[in-house]
Number of protein chains: 2
Amino acid sequence: MTKTDIATRVYNHTWKLDPIIRSLIDTDFYKLLMLQMIWKLYPEVNATFTLINRTTSVRLAEEIDEQELREQLDHVRSLRLTKKEMIWLAGNSFYGRAQIFEPEFLAWLGNLQLPEYELAKRDGQYELTFHGTWMETTLWEIPALAIINELRSRAAMRSLGYFTLDVLYARAKAKMWAKVERLRELPGLRISDFGTRRRHSFLWQRWCVEALKEGIGPAFTGTSNVLLAMDSDLEAVGTNAHELPMVVAALAKTDEQLAAAPYQVLKDWNQLYGGNLLIVLPDAYGTTSFLEHAPEWVADWTGFRPDSAPPIEGGEKIIEWWKKMGRDPRKKLLIFSDGLDVDAIIDTYRHFAGRVRMSFGWGTNLTNDFAGCAPREIAGLKPISIVCKVSEANGRPAVKLSDNPRKATGDPAEVERYIRFFGSKDRVEQAVLV
Amino acid sequence: MTKTDIATRVYNHTWKLDPIIRSLIDTDFYKLLMLQMIWKLYPEVNATFTLINRTTSVRLAEEIDEQELREQLDHVRSLRLTKKEMIWLAGNSFYGRAQIFEPEFLAWLGNLQLPEYELAKRDGQYELTFHGTWMETTLWEIPALAIINELRSRAAMRSLGYFTLDVLYARAKAKMWAKVERLRELPGLRISDFGTRRRHSFLWQRWCVEALKEGIGPAFTGTSNVLLAMDSDLEAVGTNAHELPMVVAALAKTDEQLAAAPYQVLKDWNQLYGGNLLIVLPDAYGTTSFLEHAPEWVADWTGFRPDSAPPIEGGEKIIEWWKKMGRDPRKKLLIFSDGLDVDAIIDTYRHFAGRVRMSFGWGTNLTNDFAGCAPREIAGLKPISIVCKVSEANGRPAVKLSDNPRKATGDPAEVERYIRFFGSKDRVEQAVLV
């Protein structure tokens, strides 16, 4: 007998909008940490964020309906922090520290509405930009990416029948669980979810996070997604990102200021946070250049997050530098977070076991891996390499070089100027899949 | 086409337990306010709580399976306050007041496990008692009642087919919505949900609360259920109950102490709370006696909650007393909460409109009114009058007289002694339906 709850069915079928972003804290935790720093130290700076689809072969404007995209973006602008969320941010401990967010910051955040967006189509791609003060625009990054990615999944699945969908998710679950079983073999593993921005969908990310919680227990050290951390009583994890050095470098008026920019943001960071939050992201202008010019105190920080060099080479370079600086790598932490899949996690884990503390931030291949799950190949379910980067600060172009030239962003002429300035030693081209 | 999510189905069908109480804060807010006072002022007092089924024609031990009852009670003992709940209790404002709960109290509450219970059958009824310190046993009242009532509903519905159930709930929803439409007609109405203890089920209470939120908007001033208040961003409401004077009276060693007991608890209360929380519950030993001997300062409190006199007579008596004490009733608040249905709410509202501020606490007839909803009469869906009262404090019998002799509780000889002491002027027999 088919049992239909008529009220539920009608409700489901007449939804105005099935929102992709359900909450302002459906974002990465490090955005909030960085935001507090921006709000304190750089409240007057303007910053433009721009969507960049590196997978140019995928013509997003042809896959995703513009009206649906606008509705989802508009919905994000209608969101405000709820009372419960504000209370939780104020009352929870993060990285073992109570009251990491100042009451004045939370009061400001409680009134925040994300600023307007500009959306146009060009050559089959969307041009999506966010103008405003840095402290307003920065929070657009994650929802903008999550919306593009989930709208793309939805479009890809629109034509699928019920059983095709049922089998698709059943296979994806089985595939995910096979990964869980492999990860269980690694004693002392520490891994967390970094997959918000490129997830297949919110509900699928939540399933994956709950699966890790049940499947690997204490080896699962948390999620970067603040909403999921709150709802599932997990640790919210993450520290800082490239936008900090990118903006400070763009604002530099002299060569000295430009050279100092990567270290200036660490000083700013240290002023606000400490302990386990002292994680260096060294690759904005090349890790080799960063290490060569790093002041002594950088070696006192808890760890590094090599984010664009191949994990083993990148890790070795940092370990070598710690040794040169007279520090014991076994007391230091490396956080790997660049395009990891289970094989890379296991290889990296085995390579460094016993030589350094390690932690893995698992992103796209955790929350958006449907390869081989559909009964027939569906191109729209294959994740793309898409980012939303700061492109200008106070009208000056912002640039990232990265250890992988294919991950560089910014005006080409300005990228060239930065390469001349910072050098490009040890930068290695690698395919960018996600 | 029937669509079955096999994993969900198997999960549903192999549940160890479908818990009735999902959280330690699935309780009335006033229990927490009282608990903090007990924890502060009476931490050494022992108190026994006892279940009393006043509807003796319903033989509970024949309707409810003992094993199921034990499993549900055991499950409550496995619950602890979660991190999110603790953070919310610490961070939320109640009655406009921040940090109403002291950190030390919350820390203690975070470790609380409810004490063991004693369960036996006698004459077709359950004898259910809770022994321990008052600050441990008091929290048993609401879950014990909610469990008995929901197990009774479940038993009554066990034999019903799917369509019978579908129609049952459809009618109950329609009936509830008709009440909403009548309440909408009353401008400036203030009403809240007091229906946790005698609800049909948790999910049904949640539906009713959400229906009121959508249906009467700002006239719905909150819920006594702490969990629902948190999850639905509603105000948690409620102040104090009879157990306070009952225990303090039981502990009295002299006639003077006994006479002072009803006012002593108000002094204690005032020490901890203030403002809108200063609500007098006058009927523990008869409202007439209470008012005759009340000190002047009682008239300065915000309002009264007449809980066992008929609402209009009870309210008039208190208004008359305020006038005698030279207070303006229009600045005072009456909270009606005794067995209200929509007719009584409307009559009372119309009677007092413009003469006093009013608020209604709607209980059993909000969350457990299925009369006329089942396709055939089902006795087990008719709510019963059941309470869980403090019966002893430090080994001495505890007594309530109430304005309605049928609501009196306690050892009969001791009830007689209290009547001789406090008098029984104006106490009026009324049928106790819920």
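Residues numbered from 1 in each chain as written. Chains lettered and ligands numbered in written order. Predicted model: local features only at pLDDT ≥ 70, side-chain atom pairs only at ≥ 80, totals over all residues. Heavy atoms only, no water.

Remarks on the packing of helix α4 (residues 66-78) of chain B against helix α8 (residues 141-157) of chain B
Residues and elements named next belong to chain B.
Phase 1: Contact pair α4 / α8: the axes reach a minimum separation of 10 Å and the direction vectors enclose 145°. Considering the relative orientation of α4 and α8, their crossing is right-handed. Packed against α4, whose contacting residues are E68, L69, Q72, L73 and V76, the element α8 presents P143, I147, I148, L151 and R154 at the interface.
Phase 2: Split into classes, the residues belonging to the contact of α4 with α8 amount to seven nonpolar, one polar and two charged. (Axes fitted to C-alpha atoms, helices over the stretch in contact; angles between N-to-C directions. Helix = DSSP H or I, 4+ residues; strand = E, 2+ residues; numbered from the N terminus. Left-handed = near helix turned anticlockwise from the far one by under 90°. Contact = heavy atoms within 4.5 Å. Nonpolar A, V, L, I, M, F, W, Y, C, P; charged D, E, K, R; others polar.)

With respect to the sheet that holds strand β11 (residues 396-397) of chain B
All names here are of chain B.
Phase 1: One open sheet accounts for five strands, arranged β2-β3-β1-β10-β11; its pairing is antiparallel. Each edge of the open sheet carries a strand with a single partner, namely β2 (117-122) and β11.
Phase 2: Taken together, the two bridges between strand β10 (residues 386-393) and β11 define a ladder with antiparallel strand orientation. The residue of β11 that forms the bridge with E392 is P397.
Phase 3: Packed onto the sheet, helix α12 (residues 243-251) meets β1 (47-53), β10 and β11 and runs at close to 25° relative to β10. (Pairing = 2+ DSSP bridges.)

Concerning the side chain of S153 of chain A
Residues and elements named next belong to chain A.
Phase 1: Mapping S153 onto the fold places it in helix α8 (residues 141-157).
Phase 2: With a relative accessible area of 4%, S153 lands in the buried category.
Phase 3: If we ignore the near neighbours within four places in the chain, the residues touching S153 are H200 and L381. (Buried < 20%, exposed > 50% of the residue type's maximum accessible area, 1.4 Å probe, protein only.)

Some remarks on the side chain of D26 of chain B
Residues and elements named next belong to chain B.
Phase 1: Position of D26 relative to the elements: it lies in the loop between α1 (6-13) and α2 (29-41).
Phase 2: At a separation of 2.8 Å, a polar atom in the side chain of D26 contacts the side chain of R199.
Phase 3: Within polar-contact distance, the side chain of D26 engages the side chain of N225 at 2.7 Å.
Phase 4: Residue contacts for D26: discarding those within four places in its chain leaves I20, I21, I142, T196, R199, F202, N225 and L227. (Polar contact = N/O pair within 3.5 Å; in protein donor to acceptor, adjacent residues only side chain to side chain.)

Side note on the domain arrangement of chain A
All names here are of chain A.
Phase 1: If you check the domain split of chain A, you get domain 1 (4-157 + 387-398) and domain 2 (161-364).
Phase 2: Each partner contributes to the interface: domain 1 provides 49 residues, whereas domain 2 provides 44 residues.
Phase 3: For the pairing of domain 1 and domain 2, the buried interface totals around 4,100 Å² over both sides, and the portion due to carbon and sulfur atoms is 63%.
Phase 4: On inspection of domain 1 and its partner domain 2, the count reaches four salt bridges.
Phase 5: Every element with two or more residues in the side of domain 1 that touches domain 2 is listed here: α2 (29-41), α5 (83-91), β2 (93-94), α8, β12 (386-393) and β13 (396-397).
Phase 6: Looking at the side of domain 1 that touches domain 2 element by element, the count peaks at eleven residues for α2.
Phase 7: Split into classes, the residues belonging to the side of domain 1 that touches domain 2 amount to 29 nonpolar, eight polar and twelve charged. (Domains from an automatic or database assignment. Buried area = accessible area lost by both parts, 1.4 Å probe. Salt bridge = Lys/Arg side-chain N within 4 Å of Asp/Glu carboxyl O.)

Some details on the UniProt feature "modified residue: Phosphohistidine" (unreviewed entry) in chain A
Residues and elements named next belong to chain A.
Phase 1: When the UniProt feature table is mapped onto this chain numbering, "modified residue: Phosphohistidine" (unreviewed entry) sits at H242.
Phase 2: Its place among the elements puts H242 in the loop between α11 (226-231) and α12 (243-251).
Phase 3: Assessed through its relative accessible area of 4%, H242 is described here as buried.
Phase 4: Sequence-distant contacts of H242, defined by excluding residues within four places in its chain, comprise L281, D283, A284, D307, K389 and K400. (UniProt positions renumbered as here; feature names shortened; annotations may be inferred.)

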